[in-house]
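Here is what each chain is made of, one letter per residue.
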Amino acid sequence: MEKNIEIIIIDDEEDILDLIEYHLQKEGYETVGFLSTENVEQFLEEENPSLMIVDRNLPGVEGSEFVAHIRSLGYDIPVIFLTAKDQESQLEEGYESGGDDYMTKPFSTKELLLRVKALLKRSGALTKQDKIKYKDILLDVAKKVAFIHDEPVALTIREFNLLLTFVKNIDKPLTRNFLREEVWGSEGDEVNDNAVNVAINRLKKKIDPTGEKEYFVPVWGVGYKLV
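Residues numbered from 1 in each chain as written. Predicted model: local features only at pLDDT ≥ 70, side-chain atom pairs only at ≥ 80, totals over all residues. Heavy atoms only, no water.

## Description of the environment of Asp11
Here is step 1: With respect to the secondary-structure elements, Asp11 resides in the loop between β1 (6-10) and α1 (14-26).
Here is step 2: Under the relative-accessibility criterion, Asp11 is labelled buried at 0%.
Here is step 3: A sequence separation of 72 residues divides Asp11 from Thr83, and the C-alpha atoms of the two residues are 9.7 Å apart.
Here is step 4: Setting aside its immediate chain neighbours within four residues, Asp11 contacts Ile16, Leu17, Phe34, Leu35, Asp55, Leu58, Leu82 and Lys105. (Helix = DSSP H or I, 4+ residues; strand = E, 2+ residues; numbered from the N terminus. Buried < 20%, exposed > 50% of the residue type's maximum accessible area, 1.4 Å probe, protein only. Contact = heavy atoms within 4.5 Å.)

Structure below.
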């Protein structure tokens, strides 16, 4: 089974590292965090991540020097630099060392996520992505097959599309109107609120028969969200 998109983050500030990992994981990416460049080269030999987010101010080896080093070894993995170094000459130095994008601290996590997505699209990683993972849910978008803990779950096409819509909108309250448009399409006008509720309840029973995981949470006056 193909792996999800994996992103390396190297930052010696643990709180920033944790923050970036949290937001990337919420978007469905797999992350591996490092507090220094130590062991990163070994990791690259064994894994094939799609992107690196690298702080320039690192202990031991400066971030751009490390990126220049791995570029010299033939690694072409896309790199976003994070840094407080925002002078023009320092930005130029970062790009010349092999950086593909640059964000200065403090930064907006929303902007970082948008830049990550844009860079993954440019590199082709997103266009090749036909599997989406969230917690223990894995969706094979091409084959319309859902897996829970690597075990296939028998879903109808509509149930699959319903689950896919929720996974693409993690932690966002989705209205029944939105679900009708996304999942039922042109047939949505004929679907009442109760039919949406029934479809969600059927889906819940299939992916969480014991009800222990509580994937779906009702949002009073709005609809549902996947958490």
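Still more ground to cover, so stick around.
## What to know about the pattern of salt bridges
Here is step 1: This model, assessed by the stated rule, comprises 11 salt bridges.
Here is step 2: Linking Arg158 and Glu187 is a salt bridge whose minimum nitrogen-to-oxygen distance equals 3.2 Å. Taken together, the residues Arg158 in helix α6 (residues 157-167) and Glu187 in the loop between α7 (176-184) and α8 (193-207) connect sequence positions 29 residues apart.
Here is step 3: The class for Glu187 is partly exposed, based on a relative accessible area of 43%.
Here is step 4: Residue Arg180 is joined to Asp193 by a salt bridge in which the shortest nitrogen-to-oxygen separation is 2.9 Å. Taken as a pair, Arg180 in helix α7 and Asp193 in helix α8 lie far apart in primary sequence, 13 residues in all.
Here is step 5: With relative accessibility at 11%, the residue Arg180 sits in the buried group.
Here is step 6: Several salt bridges converge on common partners, so that one network encompasses Asp11, Glu13, Asp55 and Lys105. (Salt bridge = Lys/Arg side-chain N within 4 Å of Asp/Glu carboxyl O.)

## So, the nonpolar core
Here is step 1: With 28 residues, the main nonpolar core has Leu163, Phe166, Ile207 and Phe216 as its most contacted residues.
Here is step 2: At 6 residues, the largest contribution of residues to this core is made by α6.
Here is step 3: Core analysis: the next-biggest nonpolar cluster, separate from the first, contains 20 residues, Ile80, Leu112, Leu113 and Leu120 among them. (Core = buried A, V, L, I, M, F, W, Y, C linked by side-chain atoms within 4.5 Å.)

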